[in-house]
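Given next are the chains, with one letter for each unit.
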Amino acid sequence: MMRCPGRYCGIYQDVCTACPRGLRVNLTSEICEPCVSKPMFYDWLYMGFMLLTIIFFHMDTLTRNIDDDVKGAGKWIAVTILETLLSVLLTLLLSDPYGSFSVHSCGVDSFLDWYSVFQNPAIRFTETIYCESEVVYPLYSIAFKFLGFCLILMLVIRTWYHPVSFTTRSVYAALYFIPSVALVHSVCCGLIYYSFPYLCVIGSLIFNAVIMSASLQNFDDVKDNLRKPVFMIQIVMYWVLHGYGILSIVAYNSLSYWYLFLTPIPTVFYIVTLPFSLPVAPSNTPDAPDGAV
């Protein structure tokens, strides 16, 4: 039987080559076989992380100007979530198997699966067999499909919905950050896959500290800020991000879901310790004159 060198080279149509998209080499038979398994829960969380990234970038650009028109900004936040969810639906419907909300997956076995381009075998150090392919199908390509739909639907829906000034600025911002997310994903996809839960937790802690320090100086500020839409939206965004990171860590390490109750702890801790962290104003008492007892 024909033998194929390398980790990702397989036999396809009696040729040792890279497996086509949607197929993965069986390490036992060395034959390219169709991927028909379902994504693991952690894989769905990874794809959801891309969704959260886009929503959070949109929310950030919108909340920067929310004080101008609170009611109008609320409508635009709903529109943003709607167009992102529509992008998700289109992405799933146009993924294998087409026309359904399920997805076929090849799975992820190791970090190297994300970078098969660096695993091409060289025969006697003279002839290289190029076997790079989307080993982690569809986790790599589905992100680009989703980001493309986000960009198209944003331009279509917001143009039709009569954008106002601050939403126009959010569109301009999206024209930068959506391609930037795609670029980062294309290079760092493997790193993001294994580290996104910790990025969520660490990023949410920093985000929590920033919004708390900027908004709260004493307990009276807590009551006042609870009435402000911007502050409440930011708190909800923080809790979603922090809880999502904890959920992903729990799913990857098969831990107890009781850890999700840790989500509000940093916010509560900051508020409870607020009186102890306030700086003490220096005394304005003039210095005693020289020689005074």
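Procedures and definitions
Residues numbered from 1 in each chain as written. Predicted model: local features only at pLDDT ≥ 70, side-chain atom pairs only at ≥ 80, totals over all residues. Heavy atoms only, no water. Helix = DSSP H or I, 4+ residues; strand = E, 2+ residues; numbered from the N terminus. Buried < 20%, exposed > 50% of the residue type's maximum accessible area, 1.4 Å probe, protein only. Contact = heavy atoms within 4.5 Å. Areas by Shrake-Rupley, 256 points an atom, 1.4 Å probe, with all protein chains shown as cover. Patch = residues over 30% accessible without salt bridge, like charges linked within 9 Å, V, L, I, M, F, W, Y side chains within 5 Å. Salt bridge = Lys/Arg side-chain N within 4 Å of Asp/Glu carboxyl O. Axes fitted to C-alpha atoms, helices over the stretch in contact; angles between N-to-C directions. Parallel < 35°, antiparallel > 145°, perpendicular 65-115°, else oblique. Left-handed = near helix turned anticlockwise from the far one by under 90°. Nonpolar A, V, L, I, M, F, W, Y, C, P; charged D, E, K, R; others polar. Disulfide = S-S within 2.5 Å. Polar contact = N/O pair within 3.5 Å; in protein donor to acceptor, adjacent residues only side chain to side chain. Phe/Tyr/Trp six-rings, centres within 6.5 Å; stacked < 30°, edge-to-face > 60°.

Asks: Which parts of the structure should I look at to understand the overall build of the protein chain?
Replies: Each helix and strand in the protein chain was counted, giving eight helices and six strands. When the helices and strands of the protein chain are read in sequence order from the N terminus, they spell out β-β-β-β-α-α-β-β-α-α-α-α-α-α. In the protein chain, buried positions account for 44% of the 293 residues. Partitioning the contacts of the protein chain with sequence separation of at least 6, the portion at a separation of at least 24 is 67%. Accessible area for the protein chain stands at about 16700 Å²; split by element, carbon and sulfur atoms hold 68% of it.

Asks: Which parts of the structure should I look at to understand a nonpolar patch on the surface?
Replies: Judged by side-chain polarity, L255, Y259, L262, I265 and F269 come together as a nonpolar surface patch covering roughly 500 Å² of accessible area. Within the secondary structure, F269 sits in helix α7 (residues 265-272). Take F269: its relative accessible area is 56%, and that puts it in the exposed class.

Asks: Sorry, what's going on with the packing of helix α1 (residues 41-63) against helix α3 (residues 141-160) here?
Replies: The relative placement of two packed helices is expressed as an angle between their axes plus a distance between the axes. Following both chains from N to C, one finds α1 and α3 inclined at 30°, their axes separated by 10 Å at the closest point. As the angle between them shows, α1 and α3 are arranged roughly parallel. For the crossing formed where α1 meets α3, the hand is right-handed. Here M47, M50, L51, I54 and H58 of α1 lie close against α3, whose contacting residues are I142, A143, F146, L147, C150, M154 and R158. Grouping the amino acids of the contact of α1 with α3 by side-chain chemistry returns 10 nonpolar, one polar and one charged.

Asks: What's the story with the state of the cysteines in this structure? I'm lost.
Replies: Cysteine pairs can be covalently joined through their sulfur atoms, and such a bond is termed a disulfide. This structure, assessed with the given rule, holds four disulfides. Across a sulfur-sulfur distance of 1.8 Å, C9 and C131 are joined as a disulfide pair. On the sign convention where negative means left-handed, the S-S torsion of about 100° between C9 and C131 marks this disulfide as right-handed. Residue C9 is found in strand β1 (residues 9-12), and its partner C131 is found in the loop between β6 (127-128) and α3; the two are separated by 122 residues along the sequence. For the pair formed by C9 and C131, the shared burial category is buried. Between the sulfur atoms of C35 and its disulfide partner C106 the distance amounts to 1.9 Å. With the S-S dihedral at roughly 95°, the linkage between C35 and C106 falls on the right-handed side. Remark: C106 occurs in the loop between α2 (70-93) and β5 (122-123) and C35 occurs in the loop between β4 (32-34) and α1; sequence separation between them is 71 residues.

Asks: Help me out: how do you make sense of the side chain of N120 in this one?
Replies: Turning to its location among the elements, N120 is positioned in the loop between α2 and β5. At 2.8 Å, the side chain of N120 and the backbone nitrogen of C131 are in polar contact. Within the structure, N120 has its side chain in polar contact with the side chain of E132 (distance 3.1 Å). Once residues lying within four places of it in the same chain are set aside, the contact partners of N120 are T128, I129, Y130, C131 and E132.

Asks: For this particular structure, what's the right way to read the packing of aromatic side chains?
Replies: Each aromatic ring pair is characterised by the separation of its centres together with the angle its planes make. One pass over the full model with this rule turns up 16 aromatic pairs. Ring centres 5.2 Å apart and planes at 35° place the aromatic pair F49 and F196 in the tilted group. Here the residue F49 occupies a position in helix α1, and F196 occupies one in helix α4 (residues 165-215), the gap between them amounting to 147 residues. In this pair, the class of F49 matches that of F196, namely buried. Ring centres of W114 and Y193 lie 5.1 Å apart, and the angle between their planes is 45°; this geometry places the pair in the tilted category. On the criterion of sequence distance, the pair formed by W114 in the loop between α2 and β5 and Y193 in helix α4 is long-range, its members being 79 residues apart. Each member of the pair, W114 as well as Y193, is classed as buried. Joined through ring pairs, the aromatic side chains of Y42, Y46, F49, F111, W114, Y115, F118, Y193, Y194, F196 and Y252 make up one cluster.

Remember, this is a structural readout, not a statement about activity or role.
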